[in-house]
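Okay, here's what each chain looks like letter by letter:
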Amino acid sequence: MNRNEFKRTQPVSLQSLKVVAPLLSIVYLTGCQHTFTQLEIDAPPTTVWEIVSETSSYGEWNPYHQSVAGQLEVGQTLEIEIHKPNGNQLTIHPHVIKLEPNRDLVWGGGITGIFKGVHSFHIEPVADNKCQLIQEEWFHGLVVPFAELESIEEGYNAVNLAIKKRAESRYANQQKEG
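Residues numbered from 1 in each chain as written. Predicted model: local features only at pLDDT ≥ 70, side-chain atom pairs only at ≥ 80, totals over all residues. Heavy atoms only, no water.

Q: Can you tell me about the packing of aromatic side chains, naming the residues and giving the values?
A: This structure, assessed with the given rule, holds 4 aromatic pairs. Aromatic pair Y58 and W61: ring centres 5.1 Å apart, planes at 65°, arrangement edge-to-face. Residue Y58 and its partner W61 are located together in helix α3 (residues 58-61), separated by 3 residues, close to a single helical turn. The exposure classification of Y58 matches that of W61, with both residues buried. Ring geometry for W107 versus F121: centroids 5.7 Å apart, planes at 75°, classification edge-to-face. In this pair, W107 sits in strand β6 (residues 104-111) while F121 sits in strand β7 (residues 115-127), placing the two residues 14 residues apart along the sequence. We classify W107 as buried; its relative accessible area is 3%. Taking the relative accessible area as the measure of exposure, F121 reaches 1% and is therefore buried. (Phe/Tyr/Trp six-rings, centres within 6.5 Å; stacked < 30°, edge-to-face > 60°. Helix = DSSP H or I, 4+ residues; strand = E, 2+ residues; numbered from the N terminus. Buried < 20%, exposed > 50% of the residue type's maximum accessible area, 1.4 Å probe, protein only.)

Here it is, written out as structure tokens:
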């Protein structure tokens with residue numbers, strides 16, 4: 001192609017942006033779901049963190065995230081096998097986004113604008129040897145309204161209860177051993 005045959009494209013007009021921006025905002029906002037669960041645990045954040053970060057043992061106690069493979073390091077890809085309360089199963093491959101010991105574990109993945117999820121475990125101290133576990137997930141994207149997300153809250157509540165039971169038992173045993 002010679003230079004004379006090359007056509008310059010017109011810059012995007014302000015008028016075009018005025019039409020496209022609201023449409024994209026509607027798609028983004030209608031394709032959004034937030035799941036939030038929380039539970040108080042009678043154990044210190046360090047004990048809860050041990051359980052949340054011991055991903056190789058999830059299969060022993062975690063009813064939802066049955067298997068987590070990969071390194072818990074920011075930027076690393078995990079392979080997570082999910083068993084939903086409704087009986088459906090799937091495997092996802094999120095990246096570790098944030099890792100702050102005794103406080104936050106965040107992973108997420110997907111295609112921005114189409115379907116993206118960000119999952120977090122947040123541990124907040126409440127009092128001596130007591131903390132709040134918050135587990136939540138944000139989903140964004142065009143296909144979110146059509147995705148099967150109904151049983152996620154039930155699954156996260158089951159995980160929270162399993163963490164509580166394991167953490168309180170572990171902490172009680174540590175106290176007995178002195």
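Q: Break down the packing of helix α2 (residues 45-53) against helix α4 (residues 152-177) for me, citing the residues and quoting the values.
A: It is the contact of α2 with α4, at a shortest axis distance of 9 Å, that shows an interaxial angle of 125°. Regarding the angle of α2 to α4, the classification is oblique. The handedness of the crossing between α2 and α4 is right-handed. For the pair formed by α2 and α4, the contact residues are T47, V48, E50, I51 and V52 on the first element and I163, R166, A167, R170, Y171 and Q174 on the second. Class assignment of the residues belonging to the contact of α2 with α4 gives a composition of 6 nonpolar, 2 polar and 3 charged. (Axes fitted to C-alpha atoms, helices over the stretch in contact; angles between N-to-C directions. Parallel < 35°, antiparallel > 145°, perpendicular 65-115°, else oblique. Left-handed = near helix turned anticlockwise from the far one by under 90°. Contact = heavy atoms within 4.5 Å. Nonpolar A, V, L, I, M, F, W, Y, C, P; charged D, E, K, R; others polar.)

Q: Can you tell me about the sheet that holds strand β2 (residues 65-69), naming the residues and giving the values?
A: Spatial ordering of the open sheet is given by β2-β3-β4, a layout of 3 strands whose pairing is antiparallel. Either end of the sheet is taken by a strand with one partner, and the two such strands are β2 and β4 (89-92). On average, each strand axis in the sheet is inclined to that of its neighbour by 10°, with strand direction left out of account. Here strand β3 (residues 79-83) pairs with β4 via 4 bridges, running antiparallel. Bridge pairing in β4 places E81 opposite T91. (Pairing = 2+ DSSP bridges.)

Q: Which residues make up the pairing of strand β8 (residues 130-140), and what values go with them?
A: The side chains of a regular strand alternate, first on one face of the sheet and then on the other. Most of β8 sits inside the fold, with 8 of its 11 residues counted as buried. Here strand β1 (residues 32-41) pairs with β8 via 10 bridges, running antiparallel. Bridge pairing in β8 places Q38 opposite I134. Linking β7 back to β8 in an antiparallel pair, the connection comprises 2 residues, with N129 at a positive phi of about 60°.

Q: Hey, could you go over the sheet that holds β6 for me, with residue numbers and the actual values?
A: If you walk across this open sheet you meet the 5 strands as β1-β8-β7-β6-β5, and the pairing is antiparallel. Either end of the sheet is taken by a strand with one partner, and the two such strands are β1 and β5 (95-100). Sheet twist, expressed as the mean angle between neighbouring strand axes with direction ignored, is 15°. The pairing of β6 with β7 spans 8 bridges and is antiparallel. Bridged to W107 within β7 is H119. Across the face of the sheet, α2 comes into contact with β1, β5, β6, β7 and β8 while running at roughly 150° to β7.

Q: Let's hear about the pattern of salt bridges: which residues, and what values?
A: Evaluated as defined, the whole model comprises 10 salt bridges. Salt-bridge contacts for K98 lead to D104; the nearest nitrogen and oxygen are separated by 3.4 Å. By relative accessible area, which is 37% here, K98 ends up partly exposed. Owing to a relative accessible area of 8%, D104 belongs among the buried residues under this scheme. Shared partners join several salt bridges into a network, and the residues in it are E40, D42 and K130. (Salt bridge = Lys/Arg side-chain N within 4 Å of Asp/Glu carboxyl O.)

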